[in-house]
Amino acid sequence: MSRFWSPVVQNLSPYVPGEQPRQDGVVKLNTNENPYPPSAHALAAIASAADRLRLYPDPSALALRETIADHYGVAPEEVFVGNGSDEVLAHTFQALLKHDAPLLFPDITYSFYPVYCSLYGIRYEEVPLDAAMGVEIADYRLPCGAIILPNPNAPTGIGLSRETIGRLLAEHPDQPVVIDEAYVDFGGESAVPLVARHDNLLIVQTLSKSRALAGLRVGFAIGQRPLIEALERVKDSFNSYPLDCLAIAGAAAAIKDGAWFAETRQRIMASRQSLVRDLSELGFEVLPSVANFVFGRHRGYSGADLAARLRERGVLVRHFGKPRIEDFLRITVGTEEQCSRLIAVLRDLI
Ligand SMILES: Cc1ncc(COP(=O)(O)O)c(C=O)c1O
């Protein structure tokens, strides 16, 4: 606290990202990174883009937007890119989600959403997940200015079908509906095909998870032109060059590498299946996940205690001290070896 702080800063409760340990040898299953190295084509593109570092990058990142547009079957003008999907989301909150009526999102969801609301002064209401920890779209029939949902939801990993998202859109034709698809590539159903029919739909995705490029910081949004234009207006009032030339080149090459993508996502989905089976055998109740993480609790142990004891043994997982989920652990699906190590340590502890 300082007398120099503005009232906004005094009232912020900033987001706390998962720990990034400095020492090697830690089994890091706490921040939903991809356990495999990125596409070799992406790394080569990043290396050769270094020749252009003297110059400012293309402020509109057109080459990357064209690649994304081509991949998803939309027009480049329907694509917005930013410095990680967190930045895309931040602009979205300011550009599309701030209205007189409250913004709706689940009570248990990505914990950055309320932080953006306090930064931008957005009124919001949290809609409780149902008893099975799922999003029930009928519960969103409330007066509201906009809706944001991650699909699959984080930290539960539970997904909604495209048909369900279509029903949500049909019920709220006059409000912007944002679907945060950070984890959709691990078995979820993307709502991108609905963009052509719904002028109120914005999809946000990231290259941090399924493309293994969390360190490059690239995210994007897909929506009809007026929604994208709103994001561009905020971006061009904030930072003209959010993506550097390495990020633009690496991200485009990663999107084009279909073989790398297909292989690594299959491996992660297969590891998820064995991880769920092993955790269940150890007495965990694990929610049905279509993400690159699982969310589960053990009947006999507190979540905080298990997370702390795993940490002492060099295994990091994420624990949220929040009502309803305080006994859950969110565990990123790692390599086969990392998952085996986690299970071996848990067998010792339980
Ligand atoms: C639901 C959700 N959305 C968005 C993000 C942001 O990802 P990034 O800023 O790395 O693109 C995360 C990161 O963990 C997330 O869990």
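The following paragraphs examine the structure supplied in this document. Along each chain, the written sequence defines residue order, and numbers are assigned to residues from 1. In keeping with the predicted nature of the model, local features appear solely for residues at pLDDT of at least 70, side-chain atom pairs appear and are counted solely at 80 or more, and the whole-chain, interface and lining totals rest on all residues. In computing side-chain properties, one takes all heavy atoms of the structure into account and sets aside hydrogens as well as water.

### Considerations on helix α5 (residues 112-120)
Exposure is judged per residue with a 1.4 Å probe applied to protein chains only, and the accessible area is read against the type maximum: over 50% gives exposed, under 20% gives buried, and values in between give partly exposed. The secondary structure listing takes helices from DSSP runs of H or I that are at least 4 residues long and strands from runs of E that are at least 2 residues long, numbered from the N terminus. Taken as a whole, α5 has its buried residues at Phe 112, Tyr 113, Val 115, Tyr 116, Cys 117 and Tyr 120. Buried positions along α5 lie against α4 (84-96), β3 (103-106), β4 (124-127), β5 (146-150) and β6 (177-180). Downstream of α5 by one or two residues, Gly 121 has phi in the positive range, about 65°. Contact definition: two residues touch when any of their heavy atoms are within 4.5 Å.

### Section: the side chain of Thr 156
Looking at the element boundaries, Thr 156 is found in the loop between β5 and α6 (162-171). A residue is classified by how much of its surface remains accessible, and Thr 156, at 0% relative accessible area, is buried.

### A word on the site of the ligand
All residues in the neighbourhood of the ligand are listed as Gly 84, Ser 85, Asp 86, Leu 89, Tyr 110, Asp 180, Ala 182, Tyr 183, Thr 206, Ser 208, Lys 209 and Arg 217. Under the rule applied, a polar contact is a pair of N or O atoms within 3.5 Å (in protein, one hydrogen donor and one hydrogen acceptor; residues adjacent in sequence only if both atoms are side-chain atoms). Measuring from an oxygen atom of the ligand, one finds a side-chain N or O atom of Tyr 183 at 2.7 Å. A distance of 3.0 Å separates an oxygen atom of the ligand from a polar atom in the side chain of Lys 209. In these tables, accessible area is a Shrake-Rupley quantity obtained with a 1.4 Å probe, and a residue counts as shielded only by the protein chains included in the view. Bound to the protein, the ligand loses 92% of the 400 Å² it would expose on its own. Here a cavity denotes grid points, spaced 1 Å and computed from the protein atoms alone, that fit a 1.4 Å probe unable to get out, and a pocket denotes an open set having protein on both sides within 12 Å along at least 5 of 7 lines; residues with an atom within 4 Å of a point are the lining. A molecule is counted as occupying a cavity or pocket when more than half of its atoms fall within 2 Å of that pocket's grid points. The site holding the ligand turns out to be the largest pocket. Proximity is defined per residue: if any heavy atom of the residue lies within 4 Å of a molecule or strand, that residue is considered near it.

### Considering empty space enclosed by the protein
Grid points are joined across faces, edges and corners, and a volume is the space filled by probe spheres set on the points. All told, the structure shown has 1 cavity of 30 Å³ or more when counted by the stated rule. There is about 30 Å³ of room inside the largest cavity. As for the largest cavity, its lining consists of Tyr 72, Asp 185, Gln 205, Thr 206, Leu 207, Ser 210, Arg 211, Phe 220 and Ile 255. Under the scheme applied here, ten amino acids are nonpolar (Ala, Val, Leu, Ile, Met, Phe, Trp, Tyr, Cys and Pro), four are charged (Asp, Glu, Lys and Arg), and all others, including Gly, are polar. By residue class, the composition of the lining of the largest cavity is 4 nonpolar, 3 polar and 2 charged.

### Quick look at the pairing of β3
Strands qualify as paired when DSSP identifies two bridges or more between them. In terms of strand pairing, β3 meets β4 through 4 bridges, oriented parallel. Residue pairing across strands places Phe 105 opposite Glu 126, the latter belonging to β4. Seen with its strands pointing away from the viewer, a crossover is right-handed when the path leading from the first strand over the helix to the second is clockwise. Viewed along the sheet, the connection from β3 through α5 into β4 turns out right-handed. As paired elements, β3 and β5 share 2 bridges and run parallel to each other. The residue bridging Leu 103 from the neighbouring strand is Ala 146, located in β5.

### Considering a nonpolar patch on the surface
Only residues whose relative accessible area exceeds 30% and that form no salt bridge enter a patch; like-charged residues are grouped when within 9 Å of one another, and nonpolar side chains (Val, Leu, Ile, Met, Phe, Trp, Tyr) when within 5 Å. The term salt bridge refers to a pairing of a side-chain nitrogen on Lys or Arg with a carboxyl oxygen on Asp or Glu at a separation within 4 Å. On the surface, a cluster of nonpolar side chains totalling about 650 Å² of accessible area is made up of Met 1, Phe 4, Trp 5, Val 8, Val 9 and Leu 119. On the basis of relative accessible area, Met 1 is assigned to the exposed category, the value being 75%.

### A look at the layout of surface pockets
Of the voids in this model, the largest pocket is the one considered here, and its volume is about 540 Å³. Lining of the largest pocket is provided by 26 residues; of these, Tyr 15, Thr 31, Asp 86, Tyr 110 and Lys 209 occupy positions nearest its centre. Each residue belonging to the lining of the largest pocket can be placed in one class, and the counts come to 10 nonpolar, 9 polar and 7 charged. Every residue lining the second largest pocket is counted, 15 residues in all, and those nearest its centre are Gln 20, Val 26, Lys 28, Glu 33 and Gln 338. When grouped by side-chain class, the residues that make up the lining of the second largest pocket number 5 nonpolar, 7 polar and 3 charged.

### Considering helix α2 (residues 40-49)
Of the residues making up α2, those classed as buried are Ala 42, Ala 45, Ile 46 and Ala 49. Taken around the axis of α2, the buried residues stretch over an arc of 100°, which confines them to a single face. α2 presents Ala 40 and Ala 47 as exposed residues on the side facing more than 90 degrees away from its buried surface. Contacts from the buried residues of α2 go to α8 (245-256). The arc in question is the one spanned by the directions pointing from the helix axis to the C-beta atoms.

### Here's the deal with the pattern of salt bridges
Pairs may arise between side chains of opposite charge once their charged atoms sit close together. Counted by the stated rule, this structure contains 12 salt bridges. Linking Lys 28 and Glu 33 is a salt bridge whose minimum nitrogen-to-oxygen distance equals 2.8 Å. For Arg 167, the salt bridge goes to Glu 163, with nearest N and O atoms at 3.3 Å. With a gap of 4 residues between them, Arg 167 and Glu 163 both fall in helix α6, about one helical turn apart.

Geometry only, nothing functional implied.
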